[in-house]
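Each chain, letter by letter, is given below.
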Amino acid sequence: MLRKEVNDLLTQTDPGTPMGDMFRQYWIPALLSSELPENDCDPVRVKLLGERLIAFRDTEGRLGLIDEFCAHRGVSLWFGRNEEGGLRCPYHGWKFDHTGQCIEVPSEAPESGFCEKIKLQGYPLVQIGDVLWTHMGEKDTRPELPEWEFSTVPAEQTFTSKRWQESNWLQAMEGGIDSSHVSFLHSGGLNSDPLFKGAKGNAYNLADKKPVFEVTESDGGLFIGARRNAEDGNFYWRITPWVMPSFSMVPPRGDHPVHGHFWIPIDDENCMAWSYDYHPTRALSTDERQAMMDGHGVHCEYVPGTFQPLQNKYNDYMMDRAAQRRGDTYSGVKGIAIQDGSLQESMGPIIDRTKENLVSTDNGIIMARHRLRKAVTALRDKGITPPGTIVSHQKVRSVAKVLGPDDAFAEACVDDLKVRPGQKQTSV
Amino acid sequence: MAEAQFRVDYPNSKTRSSRIFALDKKAAQVLQQISEAPWNGAHFLTVLPAKDGKDATDAAYLRLSHPDGSPADVFEELRHADVVILISCDTRATGTAEAIAKVAFANKTMIAGLALAEGKSEGVTNEVVASLRPYASVLVVAQDNDFVPAMLTALRA
């Protein structure tokens, strides 16, 4: 249960809200780099944290993320002409550069300096890996560029996708750190999905549906360990890092690529579920990359030309009751990503947490909310920079490992939980 | 939130019987501070030192008190408990954790363990965690004591 005022505090991210201010402390994923593939390509509409923006790559390759609407008459610059170093409004020809600065007003004499007085809100847009990142906060609080491992390994080792989810960001994020649902909701896919199957750890998952949880705080957020029975009295541990505000990493399976998510608010009732897959030490195989593109693992298929999942709430996620009865899928919905997304959307745009009934095994979620609330209020009341903004907090890995009966994961896996360049993930 | 207007508005759960045990003096101080807040029937219980020569792991010898100092009986407290939370700051209460756990297990009640790490060294906290691990189905290490009321609120204690 969460009191309404706390629920509102954590779920509202528009400009001027405390949580919105907190998200604006971070570099967040804004677009796939493939959405702006070349200079002077088509501009792309982006909505982030309740702000409607337009992204474009100008003639010189400079990336811009600016207010979507022309400062003159409010026309959407999605209709604009991306040409000769800027984005020109098709209505009256006003032109803006990649920072949002107006650089031409055809009706006014250039010598008048009129256009220098016109500037749209603009945010930096930086390519790191296959993602374009933005920082929507004040320039003087801008942290160093992010160094998440998935976005800093060579291009052949990583793959990122994103999908539109019609729910608030928090209920989506909470799904990512809720390890206990895996043995139920995703049980059908562990031995069939090409990006999961074959791992020895899958058998532990399926054999022990009552994991024991341990939650510890990290500098940037949490480590959530789920412990299941293994052979000879040992335990199979799956350890999920969560870094504030909305990064998580799923524990690996065998030598499959490692995956995880960012959940970035579009507005209070929509978010973008970012899903990455990477291998720390080798290139993704052709089959693996194809499987990701085909929507396996944490990825999904799309309505062509959009980031809306092909299985969506308007077609009941293509529910297959026969598959549900057979046990091919536990919920009747195909695919890990949409299994999660369908249930999280079914909660409603913003779940009313005053009505929920949490139990002890939800303590990862309880602690995450607690840390978010503390960080939000510390920023709002004292100007304290929240955890997760600095690079050292981002250098985390998920872990799957068999440990002895008396081992504490935080001690036994202290090195496994850190990024170790050139070394594989710790996995079973 | 227009969508929420179509939800049926009714209470979907009954009051839980939560039993929160402070296993040591520091934990008792934390509980004392929060026990006066309005809770949904939660019982805050402090474990007192075992009498000399008595087996601390035996629930029959467990000495408990309510926040007002009145004595409590572990068997009676756990008879109808839905939620049992053990809170500890140090390792001196290992035996009492076992004593409470035996009764809770007999009643098929799950136990959550909470190790309070505020002001403690990592080594001490690790020992606390190790002492609770055999009994807890979920174990949380909290760096600040503010987490206690947050968790209890979340669990409708």
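Look a little higher up for the structure.
Read on for an overview of the structure. (Residues numbered from 1 in each chain as written. Chains lettered and ligands numbered in written order. Predicted model: local features only at pLDDT ≥ 70, side-chain atom pairs only at ≥ 80, totals over all residues. Heavy atoms only, no water.)

1. Section: the overall build of chain A
For clarity, the threshold we go by: Labels follow the DSSP assignment, with helices taken as runs of H or I lasting at least four residues and strands as runs of E lasting at least two, numbered in each case from the N terminus. With C-alpha atoms as the basis for the radius of gyration, the globule rule is written as 2.2 Å multiplied by the number of residues raised to the power 0.38. Residue contacts are defined here by distance: any two heavy atoms, one from each residue, within 4.5 Å place the two residues in contact. The Shrake-Rupley method, run with a 1.4 Å probe sphere, supplies the accessible areas, and residue values consider only the shown protein chains as cover.
In terms of helices and strands, chain A carries 12 helices and 19 strands. Taking 2.2 N^0.38 as the reference for a compact globule, 428 residues should give roughly 22 Å; the C-alpha atoms of chain A span a radius of gyration of 22 Å, in line with that estimate. Overall size of chain A, expressed as C-alpha extent along the three principal axes, is 85 × 45 × 45 Å. In chain A, once contacts between residues fewer than 6 apart in sequence are set aside, the share between residues at least 24 apart is 60%. Element-wise, carbon and sulfur atoms account for 51% of the exposed surface of chain A, whose accessible area totals about 17,000 Å².

2. What to know about a negative patch on the surface
Note the cut-off: Patch members must show over 30% relative accessible area and no salt bridge, and they are joined within 9 Å when carrying like charges or within 5 Å when they are nonpolar side chains of Val, Leu, Ile, Met, Phe, Trp or Tyr. Salt bridges, as used here, are contacts in which a Lys or Arg side-chain nitrogen is within 4 Å of a carboxyl oxygen on Asp or Glu. Only four residue types enter the tally: Lys and Arg on the positive side, Asp and Glu on the negative side; His and the chain ends are excluded. Here the site of a charge means NZ on Lys, CZ on Arg, CG on Asp, or CD on Glu. Throughout, exposure labels follow a simple rule: accessible area from a 1.4 Å probe, protein chains only, divided by the maximum for the residue type, with under 20% read as buried, over 50% as exposed, and the rest as partly exposed.
A cluster of acidic residues, Asp406(A), Asp407(A), Glu411(A) and Glu122(B), forms a negative patch on the protein surface. Its place among the elements puts Asp407(A) in the loop between β19 (399-403) and α12 (409-412). Judged by its relative accessible area of 33%, Asp407(A) falls in the partly exposed class.

3. Observations concerning the environment of Glu156(A)
All names here are of chain A. Tracing the backbone shows Glu156 in the loop between α3 (149-152) and β12 (158-165). Overall, the relative accessible area of 43% leaves Glu156 in the partly exposed class. In this structure, the C-alpha to C-alpha distance between Glu156 and Val215, residues 59 residues apart in sequence, is 34 Å. Leaving out residues up to four positions away in the same chain, Glu156 has contacts with Ala283, Leu284 and Arg289.

4. Some thoughts on the interface of chain A and chain B
Many descriptions give the size of an interface as the accessible area lost when the pieces come together. Short version of the rule: The quantity reported as buried area is the accessible area (1.4 Å probe) lost by two parts once they are put together, taken as the sum for both. Think of a polar contact as two N or O atoms within 3.5 Å of one another; within protein, one of them needs to be a possible hydrogen donor and the other a possible acceptor, and neighboring residues in sequence only count if both atoms come from side chains.
With 33 residues of chain A at the interface, the matching set in chain B holds 32 residues. Together, the buried faces of chain A and chain B total about 2,700 Å²; carbon and sulfur atoms form 51% of this surface. The tally of links between chain A and chain B comes to 4 salt bridges. Remark: the boundary between chain A and chain B carries 18 residue pairs in polar contact (both at pLDDT 80 or more). Of all the elements in the fold, those that place two or more residues in the side of chain A that touches chain B are β13 (212-217) and α10 (363-382) of chain A.

5. What to know about helix α9 (residues 336-346) of chain A
All names here are of chain A. Most of α9 is tucked away, with 9 of its 11 residues classed as buried. Buried within α9 are the following residues: Ile336, Ala337, Ile338, Gln339, Asp340, Gly341, Ser342, Gln344 and Glu345. Along its buried surface, α9 packs onto β12, α4 (169-176) and α5 (182-185). Just downstream of α9 lies Gly348, where phi reads positive at about 105°.

6. Remarks on the environment of Glu98(B)
Residues and elements named next belong to chain B. When you line up the elements, Glu98 lands in helix α3 (residues 94-106). In this structure the C-alpha to C-alpha distance between Glu98 and Thr57, which are 41 residues apart in sequence, comes to 5.5 Å. Residues in contact with Glu98, not counting those within four places in the same chain, are Thr57 and Tyr135.

7. A short note on the pattern of salt bridges
Going through the model one piece at a time under the given rule, you end up with 33 salt bridges over all chains. Among the salt bridges present, the one from Arg3(A) reaches Glu5(A), with a minimum N-O distance of 3.2 Å. One salt bridge connects Arg133(B) with Glu214(A), and the closest N-O pair in it is separated by 2.5 Å. Taken together, the residues Arg133(B) in the loop between α4 (122-132) and β7 (138-142) and Glu214(A) in strand β13 connect one chain to another. Residue classification places Arg133(B) among the buried residues on the basis of a relative accessible area of 7%.

8. Here we look at the packing of α10(A) against helix α5 (residues 147-154) of chain B
We apply this condition: Every angle, taken between N-to-C directions, lies between 0 and 180 degrees, and every axis is a line fitted to C-alpha atoms, over only the stretch in contact when it is a helix. An angle counts as roughly parallel when it lies under 35 degrees, as roughly antiparallel when it exceeds 145, as roughly perpendicular when it falls between 65 and 115, and as oblique in every other case. Should the near helix be turned anticlockwise from the far one by less than a right angle, the crossing is left-handed, and should it be turned clockwise, the crossing is right-handed. Nonpolar residues are Ala, Val, Leu, Ile, Met, Phe, Trp, Tyr, Cys and Pro. Charged residues are Asp, Glu, Lys and Arg, and all others, Gly as well, are polar.
At a minimum axis separation of 10 Å, α10(A) and α5(B) run at an interaxial angle of 125°. Between α10(A) and α5(B), the angle is such that the two are oblique. α5(B) is crossed by α10(A), and the crossing has right-handed handedness. Between α10(A) and α5(B), the contacting residues are Asn363(A), Ile366(A), Met367(A) and His370(A) on the first element and Phe147(B), Ala150(B), Met151(B) and Ala154(B) on the second. Here the contact of α10(A) with α5(B) is built from residues that sort into 6 nonpolar, 2 polar and no charged.

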